[in-house]
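What the coordinates show
Spelled out, the chains give:
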Amino acid sequence: MSTFSKVVICGVGLIGGSCARALRRAGAVKTLTGLGRSAASLERARALGVIDEAATDWAQALDGADLVLLAAPVGATDALVTELAQHLPPHTVVTDAGSTKSDVAAVFAARLSPEQRARVVPAHPIAGAEKSGVEAASASLFDGRRVVLTPLPESSPEAIERVTRAFALCGAHVSSMSPKAHDETFAAVSHLPHLLAFALVDEFASRANASELFRYAGSGFRDFTRIASSHPEMWRDIALANRGNLLEELDRYSAALSRLRSLLEAQDATALEALFQHAKDARSAWLDTLAAG
């Protein structure tokens, strides 16, 4: 018997589509319903077997739904939750896949009643790829990856358990933290690296000799800038939603670059090597923790 009778995916792209494929792989859902702003994209998702049906509005989509995943860009959350609130059945649990959480929690607090908020558990799957769209969706995207839940004060234990079970069925390891701690942490380890990759590629592309630079760029440039192929609209919304924490991280990184510049100007080989060694050792230790699980 399926764990879920009906799961609604709002935003059937990389994350939403991968969740749908993973739940289907697990045999955990009877019906997968897609909802989104593009009828053509939903039809493509249905043709690919990612969803079973496409809904045209929230009333249709939510009929009989056990679980809703909001997987649209975080900038769309307010409008989506405002409409969803008018049709949310008393048994339906809502989660999301946004990369920022304080803004999402604020939207739920403003747009839903306390009774509705009891059935909401915001989440952030720490899984992705530089490609976007339903064609990039994979049933294995969440395997061994972490999903962070950031429950609301009103989130019920039953709702938390349902969302935890859904992501675990997708192959993920599930943990929890507060929205504030989440946004501070991911400004450093995720949002800042994306900004740096976008900025470097944009700066190179703006130079007069851009074509020559790209012709000679090798694997190091490719690896460093891989995430600059990520979805621009999504990352625009993330950057703006978490701008306070990101500005602090940019200041810290600017100070680190200033120190590096000073060492280069001074031709301080000893200090440069020590900095590089410290970074190498720290990264090696981090990789060891990943390998250990």
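This report concerns the structure included in the present document. Remember, it's a predicted structure, so these values are computed and weren't measured experimentally.

1. Some remarks on the overall build of the chain
In terms of helices and strands, the chain carries 13 helices and nine strands. Against the compact-globule benchmark of 19 Å for 293 residues, the chain has a radius of gyration of 21 Å, which places it among compact chains. Seen through its C-alpha atoms, the chain measures out along the principal axes to roughly 70 × 40 × 35 Å. Looking at the 293 residues of the chain, the share that counts as buried comes to 40%. The contacts in the chain between residues at least 6 apart in sequence include a share of 76% that link residues at least 24 apart. Accessible surface computed for the chain: about 15200 Å², of which carbon and sulfur atoms make up 55%. Taking the average place of the 29 positive charges on the side chains of the chain and the average place of its 33 negative ones, the gap between the two points comes to 4 Å.

2. Concerning helix α8 (residues 179-205)
What sets the pattern is the α-helix's 3.6 residues per turn: residues three or four places apart point alike. Its maximal kink placed at Ala187, α8 deviates by approximately 55 degrees. Within the span of α8, buried status applies to Pro179, His182, Asp183, Phe186, Ala187, Ser190, His191, Leu192, His194, Ala197 and Phe204.

3. Regarding a nonpolar patch on the surface
Together, Trp286, Leu287 and Leu290 make up an exposed nonpolar region whose accessible area comes to about 300 Å². Note that Leu287 resides in helix α13 (residues 269-291). Given the relative accessible area of 35%, Leu287 is considered partly exposed.

4. Details of the nonpolar core
Membership of the largest hydrophobic core comes to 36 residues, with the highest contact counts inside it found for Val7, Val12 and Phe142. Apart from the residues within four sequence positions on either side, Phe142 is in contact with Ile15, Ser18, Cys19, Pro125, Ala127, Cys170, Gly171 and Ala172.

5. Points about the packing of helix α4 (residues 77-84) against helix α5 (residues 102-111)
Running from amino to carboxyl end, α4 crosses α5 at an angle of 30 degrees, the nearest separation of the two axes being 10 Å. As summarised for this structure, α4 and α5 are arranged roughly parallel, according to the angle between their axes. When the axes of α4 and α5 are compared, the crossing they make is right-handed. Within the contact between the two elements, α4 uses Thr77, Asp78, Val81 and Thr82 and α5 uses Val104, Val107, Phe108 and Arg111.

6. Describing unusual backbone geometry
In most cases, non-glycine residues show a negative phi, while peptide bonds are predominantly trans. Phi is positive for Gln267, close to 55 degrees, though the residue is something other than glycine. Along the chain, the position of Gln267 falls in the loop between α12 (243-265) and α13.

7. Here's the deal with the pattern of salt bridges
For the structure on display, the rule yields 17 salt bridges. Across the salt bridge formed by Arg207 and Glu203, the nearest N and O atoms sit 2.9 Å from each other. For Arg207, a relative accessible area of 37% puts it in the partly exposed group. Put simply, Arg37, Glu233, Arg236 and Asp237 are held in one network by salt bridges that share partners.

The rules behind each value
- Residues numbered from 1 in each chain as written.
- Predicted model: local features only at pLDDT ≥ 70, side-chain atom pairs only at ≥ 80, totals over all residues.
- Heavy atoms only, no water.
- Helix = DSSP H or I, 4+ residues; strand = E, 2+ residues; numbered from the N terminus.
- Rg over C-alpha atoms; globule rule 2.2 N^0.38 Å.
- Buried < 20%, exposed > 50% of the residue type's maximum accessible area, 1.4 Å probe, protein only.
- Contact = heavy atoms within 4.5 Å.
- Areas by Shrake-Rupley, 256 points an atom, 1.4 Å probe, with all protein chains shown as cover.
- Lys, Arg positive; Asp, Glu negative; His and termini not counted.
- Charge placed at Lys NZ, Arg CZ, Asp CG, Glu CD.
- Bend = angle between axes of the 7 residues up to and from the residue.
- Patch = residues over 30% accessible without salt bridge, like charges linked within 9 Å, V, L, I, M, F, W, Y side chains within 5 Å.
- Salt bridge = Lys/Arg side-chain N within 4 Å of Asp/Glu carboxyl O.
- Core = buried A, V, L, I, M, F, W, Y, C linked by side-chain atoms within 4.5 Å.
- Axes fitted to C-alpha atoms, helices over the stretch in contact; angles between N-to-C directions.
- Parallel < 35°, antiparallel > 145°, perpendicular 65-115°, else oblique.
- Left-handed = near helix turned anticlockwise from the far one by under 90°.

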